[in-house]
There are 2 protein chains.
Amino acid sequence: MREPDDDHALMRSSAVRIPAPVRHQRIMDVFNADGFVSVTDVARDIGVSPMTIRRDLAILGRDGLLTRTYGGAVAAQDSDRTGHGDGPLFDQRMAENAVAKKAIAKAASALIQSRESVGLDVGTTLLALAAEIAGRPDLRFFTNNVRAALELAGAGSPVYVLGGEVRTPEFSVVGTSAVAQLKALYLNRVFIGVSGIIDLGIFDFSPEDAEVKRSFIDVADCVVVLCDASKFQRRAVARIATLDAIDILVTDQPPRPPLAAALATANVRVIVADR
Amino acid sequence: MREPDDDHALMRSSAVRIPAPVRHQRIMDVFNADGFVSVTDVARDIGVSPMTIRRDLAILGRDGLLTRTYGGAVAAQDSDRTGHGDGPLFDQRMAENAVAKKAIAKAASALIQSRESVGLDVGTTLLALAAEIAGRPDLRFFTNNVRAALELAGAGSPVYVLGGEVRTPEFSVVGTSAVAQLKALYLNRVFIGVSGIIDLGIFDFSPEDAEVKRSFIDVADCVVVLCDASKFQRRAVARIATLDAIDILVTDQPPRPPLAAALATANVRVIVADR
DNA sequence: CTTCTACCGCACAATATTTATCAATCGAGA
DNA sequence: TCTCGATTGATAAATATTGTGCGGTAGAAG
């Protein structure tokens, strides 16, 4: 196709081809803003053929990120339908890097062996992990994440929630009570979400959440940190722990030299999830 | 030569095909707000033909979410018919007597004074209450209801969730840990949901839930039972307590003589919520 | 009891979307 | 630079959804 004048929206013949992950993310953006996606709309918007969008939606649907409908797609049906959303803020964070989070969650879930006691911390990436492992029948979940508890309960394995004050926007349980309950446990594996990671350690925005994370780390045999690449070289108010405390880091892009070196020194096994 | 794009952009709000699931959700929204749906109203509202709405209502009716009537649909009758295997059971229960539950929740919320410590138990009626009082800033909530915690958290008052195993379908927290945490509390007021009430006392389907309810009752100054009329003269496997334990009963219809007499003897204040 | 109006649902037509298939194009690696 | 594999776009047949016409029926008013 030559350079058409009528196609003023995008010069698609000369523009670089948009890679599939970027396209997927943009679809998720539209989907999150409007509640549903129309194949023809998003095709025109991105500047690709409807056929390509259909293939994209098939992939995203297979990954459980949305549910296909005639003419488009809507929110994934799998989780609880409370009707009221969980606030545009949370949904937005959930949509950010949705593809990366999903990939990380998939890679992380592969780490879990049979009959393990699994601790689940707070965060959007952790929530993606919860959706991923919700079907497993042979595990035992402990979490301070109210949303994850809702996702996991009744899906197979027993779920135990820590008691304490519930804080937004993460719907995390914090406080001495939660910490005390953790101290009475031993967990095979615990998954931790972080706000930032640098050579000095892992960080979180909330000191209260950080305290619970530390307790998780204390009682776990294997500490797995989930962290997409946007968190690299970022720090926050509360330091959770040094890198030594981490056994495995699951992320979506290889860390750059300064951080990579520190991770190697701390003997952290780094898993880069394939998209 | 006419530009087809601008036409499309202008017509977007009305010309876009709305996926069936979204339409169904909007129908259920109207239904939950008003208690009934009118075919012509909702057809005009959504911008599709009445025939399409009829087909939608047929589907929703087949799923047990509502019952078709002449000109629209109303709440599904009470559930002797659990009927459809994979149907959304919780949502269905929530839709049942939606109007009654809302009225009960409203009347119950009026009981709460300033600065009270409030306990919230499990059940669909309790969830309606949670939605009702979510804005109040001067209270302190304690609950074993994971869904209610999600509803209340971040809406003003601090929320504390009990720790323990999370059980479906109520997403209730049960177990010795939850009971122990309750024993360390004193609550001004506690709201209890029940599965049935007869002159011998209040009942629940789950012995584990009943145990937590008993603990709630033990530590509360004022025990309020929420209970729509469909629970009258019904009993279940676990007896929570005798009627003596109740201070206030909030319901939507006056109890009949046998129960009414027992309530009077037990010194229970009965509040009948106005629809 | 009758009549009238609005609603129901079936059948069919029109339109939009999907799927299957194949050709064209792009990018990576030799 | 060339080839191979993968991704994308285009076409046609199949399918799904929606709208409309029409006979029949429920509910309301006289």
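Definitions and cut-offs
- Residues numbered from 1 in each chain as written.
- Chains lettered and ligands numbered in written order.
- Predicted model: local features only at pLDDT ≥ 70, side-chain atom pairs only at ≥ 80, totals over all residues.
- Pairing = 2+ DSSP bridges.
- Helix = DSSP H or I, 4+ residues; strand = E, 2+ residues; numbered from the N terminus.
- Axes fitted to C-alpha atoms, helices over the stretch in contact; angles between N-to-C directions.
- Near = placed C-beta within 6 Å.
- Nonpolar A, V, L, I, M, F, W, Y, C, P; charged D, E, K, R; others polar.
- pLDDT = per-residue confidence, 0-100.
- Contact = placed C-beta atoms within 7 Å.
- Buried ≥ 20, exposed ≤ 12 C-beta atoms within 10 Å, placed from the backbone.
- Arc of directions from axis to C-beta.
- Expected span 1.5 Å × (residues − 1).
- Right-handed = clockwise from strand over helix to strand, strands pointing away.

**Let's talk about the sheet that holds strand β7 (residues 164-167) of chain B**
Reasoning step 1: Pairing is mixed across the open sheet formed by nine strands, whose spatial order is β15(A)-β14(A)-β12(A)-β9(A)-β4(A)-β5(A)-β6(A)-β7(B)-β8(B). Bordering the open sheet on either side are β15 (269-272) of chain A together with β8 (172-174) of chain B, each of which pairs with just one other strand. Going from strand to strand, the sheet's axes swing by 25 degrees on average, the running direction of each strand aside.
Reasoning step 2: Where strand β12 (residues 220-226) of chain A and strand β14 (residues 248-251) of chain A come together, three bridges link them in parallel fashion. Within β14(A), the position partnered with A:Val225 by the bridge is A:Leu249.

**Some words on the protein's contact with DNA strand C**
Reasoning step 1: In the neighbourhood of DNA strand C, 16 residues make up the surrounding shell, with A:Val39, A:Gly71, B:Val39, B:Arg54 and B:Gly71 lying closest.
Reasoning step 2: For the surface near DNA strand C, the secondary structure elements donating two or more residues are α2 (39-46) and α3 (50-62) of chain A together with α3 (39-46) and α4 (50-62) of chain B.
Reasoning step 3: In terms of residues, the surface near DNA strand C owes the most to one element, α4(B), which gives three residues.
Reasoning step 4: Class assignment of the residues belonging to the surface near DNA strand C gives a composition of eight nonpolar, four polar and four charged.

**Looking at the protein's contact with DNA strand D**
Reasoning step 1: Taken together, 15 residues are adjacent to DNA strand D, and A:Ser49, A:Thr52, B:Ser49, B:Met51 and B:Thr52 come closest.
Reasoning step 2: The set of elements that each furnish at least two residues to the surface near DNA strand D consists of α3 of chain A together with α4 of chain B.

**Quick word on the confidence of the model for chain A**
Reasoning step 1: On average, chain A scores 84 in pLDDT, and the residues at 70 or more come to 86%.
Reasoning step 2: For residues 1-14 of chain A, every residue scores under 50 in pLDDT, and the model assigns this stretch six contacts once sequence neighbours within four places are set aside.

**Quick look at unusual backbone geometry**
Reasoning step 1: With an omega dihedral of 0 degrees, the bond running from A:Thr168 to A:Pro169 counts as a cis peptide bond.
Reasoning step 2: Inspection of the secondary structure assignment puts A:Pro169 in the loop between β7 (164-167) and β8 (172-174).
Reasoning step 3: In this model, B:Phe171 sits at a positive phi of 55 degrees, which is unusual for a non-glycine residue.
Reasoning step 4: Mapped onto the secondary structure, B:Phe171 falls in the loop between β7 and β8.
Reasoning step 5: Judged by C-beta crowding, with 25 C-beta atoms within 10 Å, B:Phe171 ranks as buried.

**Overview of the pairing of strand β3 (residues 72-75) of chain A**
Residue and element names in this part refer to chain A.
Reasoning step 1: In terms of strand pairing, strand β1 (residues 36-38) meets β3 through three bridges, oriented antiparallel. Looking at β3, one finds that phenylalanine 36 is bridged to valine 74.
Reasoning step 2: Where strand β2 (residues 66-69) and β3 come together, four bridges link them in antiparallel fashion. Pairing of threonine 67 across the sheet is with valine 74, part of β3.

**Looking at helix α9 (residues 176-183) of chain B**
Reasoning step 1: Among all positions in α9(B), only B:Ser177, B:Ala178, B:Gln181 and B:Leu182 are buried. Looking straight down α9(B), one finds its buried side chains confined to an arc of 135 degrees; they lie on one side. Opposite the packed face of α9(B), turned more than 90 degrees from it, sit the exposed residues B:Thr176 and B:Lys183.
Reasoning step 2: The inward-facing, buried residues of α9(B) abut α8 (176-183) of chain A together with β7, β8 and α10 (207-219) of chain B.

**Observations regarding the environment of A:Asp204**
Residues and elements named next belong to chain A.
Reasoning step 1: Tracing the backbone through its elements, the reader meets aspartate 204 in strand β11 (residues 201-204).
Reasoning step 2: The spatial distance from the C-alpha of aspartate 204 to the C-alpha of alanine 241 is 9.9 Å, given a sequence separation of 37 residues.
Reasoning step 3: Not counting residues up to four positions away in its chain, the partners in contact with aspartate 204 are Val194, Ser195, Asp209, Ala210, Lys213, Ala236, Ala238 and Ile240.

**Comments concerning the interface of chain B and chain A**
Reasoning step 1: Tallying the contact residues gives 30 residues for chain B and 32 residues for chain A.
Reasoning step 2: Of all the secondary-structure elements, those providing two or more residues to the side of chain B that touches chain A are α2 (20-34), α8 (146-152), β6 (159-161), β7 and α9 of chain B.
Reasoning step 3: Taken together, the residues of the side of chain B that touches chain A sort by class into 19 nonpolar, six polar and five charged.

**Structural notes on α3(A)**
All names here are of chain A.
Reasoning step 1: With 13 residues, α3 should cover 18 Å at 1.5 Å per step; its first-to-last C-alpha distance of 18 Å lies within 8% of that length.
Reasoning step 2: Among the residues making up α3, those that are buried are Ile53, Asp56, Leu57 and Leu60. An end-on view of α3 places all buried positions within 100 degrees of arc, on one side of the element. Turned more than 90 degrees off the buried face of α3, the exposed positions are Met51, Ala58 and Arg62.
Reasoning step 3: Residues of α3 that are buried make contact with α1 (20-34), α2, β2 and β3.
Reasoning step 4: A positive backbone phi angle near 80 degrees is found at glycine 64, which sits one or two residues after α3.

**Observations concerning the pairing of strand β5 (residues 140-143) of chain B**
Residue and element names in this part refer to chain B.
Reasoning step 1: Examined bridge by bridge, strand β4 (residues 117-120) and β5 share four bridges and lie parallel to one another. Paired with serine 117 across the bridge in β5 is arginine 140.
Reasoning step 2: Chirality of the crossover, the property in question, places the unit of β4, helix α7 (residues 124-133) and β5 among those that are right-handed.
Reasoning step 3: Here three bridges tie β5 to β6, and the two strands are oriented parallel to one another. Bridge pairing in β6 links phenylalanine 142 to tyrosine 160.
Reasoning step 4: A crossover connection joins β5 to the parallel β6 through α8; in handedness this β-α-β unit is right-handed.

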